[in-house]
Structure formats: structure tokens, C-alpha cells
Amino acid sequence: MTVTLHVCITCRSGQSLREGETAPGARLHSAILQAGVPEGVSVVPVECLSACSQGCSIALSAPRRWSYVYGRLSDANAPDVVAGAAAYAAAPDGIVPWRSRPEIFRKQSLARIPPITILPEPAE
């Protein structure tokens, strides 16, 4: 099962960008790729995670697992993001024990979303 790591590449982290300047979110995306993507994790750039007031953000998700959104990140956090994604990929339900999470995943969580379950269609 593949885990998806969404990275907001348009995030400006509250900064005004000069012409041709790379957005902090795009720098975070590049740093994650350079840090080495763990096996079973697919990194997907997205244009917005609607966490604009929370700096650069990422989301981790997989079928039948809890999903998480993390914010206040920068390219310097790429190694911790990769470590956290690897721990998430290894957790069968997406719940990584609190003490096993990188510090940024303990302190910078913006949302925890339950797994989507498919409900049976009502009988007619």
C-alpha cells in the first residue's frame, strides 16, 4: 500500500516573493526529494492545502488510515518529514506512537482526519 505525502508547493510562508524567487513550499518539496523518499511513500506536489496562515504544510494519507496535516515547516525540516513519513508508512493504521514521531510531527500537527469508510448503500 502506498502512502501519499502531499507537499504544498505554492506556499509562500507569509513572505512576499520577488520575481523569479522560489516559493518556500517548492523549496520544501525539493528538499524532501533530496533527503530521499522512503520506500512505500509517494511524494505528490499540490498547489494548496489551505493552511496558508500556518507556513509550509504537508499532508500524509493512505487508504484505511488516519490522515495528518502538518504546518510551520521549512526546507530545513525535510529530514524529519522523511523520517515521519517512513514511520507513518510502517504503521498499519497510520497512528505512529507519540514518542516515535519526529518532534515536528508532535508539535506542528494541524489536523488529524479519520479514515474514510465506505458505508453500505441503504436498502430500498
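Residues numbered from 1 in each chain as written. Predicted model: local features only at pLDDT ≥ 70, side-chain atom pairs only at ≥ 80, totals over all residues. Heavy atoms only, no water.

Per an unreviewed UniProt entry, the protein goes by the name DUF1636 domain-containing protein and belongs to Bradyrhizobium australiense.

So what's going on with the overall build of the protein? Residues and values would help.
In terms of helices and strands, the protein carries three helices and five strands. Start at the N end of the protein and walk to the C end: the helices and strands fall as β-α-β-β-β-α-α-β. Here the C-alpha atoms of the protein give a radius of gyration of 15 Å, agreeing with the 14 Å that 2.2 N^0.38 yields for 124 residues. Along the three orthogonal principal directions, the C-alpha set of the protein runs to about 60 × 35 × 25 Å. The buried share among the 124 residues of the protein stands at 39%. (Helix = DSSP H or I, 4+ residues; strand = E, 2+ residues; numbered from the N terminus. Rg over C-alpha atoms; globule rule 2.2 N^0.38 Å. Buried < 20%, exposed > 50% of the residue type's maximum accessible area, 1.4 Å probe, protein only.)

Explain the side chain of Gln108 to me, and be specific about the residues and the numbers.
Locating Gln108 in the fold gives a position in the loop between α3 (103-107) and β5 (109-113). You can call Gln108 buried: its relative accessible area is 15%. With residues up to four places along the chain from it excluded, the contact list for Gln108 reads Val69, Tyr70, Gly71, Arg72 and Leu73. (Contact = heavy atoms within 4.5 Å.)

I'd like a rundown of the pairing of strand β2 (residues 41-46), residues and numbers included.
Here strand β1 (residues 3-8) runs beside β2; their pairing, made up of six bridges, is parallel. Bridge pairing in β2 places Val3 opposite Val41. For the crossover that starts at β1, traverses helix α1 (residues 24-35) and ends in the parallel β2, the hand is right-handed. (Pairing = 2+ DSSP bridges. Right-handed = clockwise from strand over helix to strand, strands pointing away.)

Mind laying out helix α2 (residues 78-90), listing which residues take part and the relevant values?
Spanning 13 residues, α2 covers 18 Å between terminal C-alpha atoms, matching the ideal 18 Å at 1.5 Å per step. Along α2, the residues classified as buried are Ala78, Val81, Val82, Gly84, Ala85 and Tyr88. Axial view of α2: buried residues confined to an arc of 165°, hence all on one face. Those residues of α2 that are exposed and angled more than 90 degrees off the buried face are Pro79 and Ala90. Those residues of α2 that are buried lie in contact with β1, α1, β2, β3 (56-61), β4 (67-73) and α3. (Expected span 1.5 Å × (residues − 1). Arc of directions from axis to C-beta.)

Could you give me a rundown of unusual backbone geometry, with the residues and numbers involved?
Positive phi outside glycine occurs at Ser50, with the angle close to 55°. Its place among the elements puts Ser50 in the loop between β2 and β3. The exposure class assigned to Ser50 is exposed, which follows from its relative accessible area of 65%. In this structure, Arg72 is a non-glycine residue whose phi angle is positive, near 60°. For Arg72, the location among the structural elements is in strand β4.

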